[in-house]
Every structure is written in C-alpha cells, then in structure tokens.
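Breakdown of the fold
The residues making up each chain are set out below.
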Amino acid sequence: MPDARRTAYVRVVEHNCDDCVPVSYELCAAGGLMFIRRTDRSRDKPLVRETERLITYRARDLWRDLLLGLAR
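Everything in this summary refers to the structure shown in the same document. (Residues numbered from 1 in each chain as written. Predicted model: local features only at pLDDT ≥ 70, side-chain atom pairs only at ≥ 80, totals over all residues. Heavy atoms only, no water.)

**Comments concerning the pairing of strand β4 (residues 47–50)**
The pairing of strand β3 (residues 33–40) with β4 spans four bridges and is classified as antiparallel. Note on β4: the bridge partner recorded for Thr39 is Val48. Where β3 hands over to β4, the hairpin turn is made up of six residues, counted between the paired strands. (Pairing = 2+ DSSP bridges. Helix = DSSP H or I, 4+ residues; strand = E, 2+ residues; numbered from the N terminus.)

**Regarding the pattern of salt bridges**
A full pass over the atoms with the stated rule returns six salt bridges. The salt bridge involving Arg53 is made with Glu50; its shortest N-O contact spans 3.2 Å. Given a relative accessible area of 3%, Glu50 falls into the buried group. A single network of salt bridges, built from pairs that share partners, joins Glu26, Arg37, Glu50 and Arg53. (Salt bridge = Lys/Arg side-chain N within 4 Å of Asp/Glu carboxyl O. Buried < 20%, exposed > 50% of the residue type's maximum accessible area, 1.4 Å probe, protein only.)

Dropping the structure here:
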C-alpha cells in the first residue's frame, strides 16, 4: 500500500480487532472518499500505512475482500 495521507479529519467507519493481533485495519472516511488504514504494532514504533482514497463501493469491496482474506 503506498502511503497517501492527505486529510486532517478522518472518521473510522469499521475496524477489525486491534487487541488480539499486532496488525489491525480500519475502514476510514474523509472528504467524501474512503480508504483502509493498516497499523502494525509488532515493532517498537507502530507503522501506519493507508491505501489510496477510493469511492465508497470500491473501498467497501476492498474492505470485504480484506476481511475474507482475498485482498493482496
């Protein structure tokens, strides 16, 4: 995922369990678009990456595929 941060305010729409695994995902909305944020807490300093901004139906399709283990 290329890092593509570009908004100051982000709303987390959905998320997976961030307490049980070192890598967590959030489906976020900002500026009329959506993206997925990945946070890796397996190291000393958390590494946060975000997908490109997508229109809603494409982001939700990607989110579904991610949760089903089909996304790359």
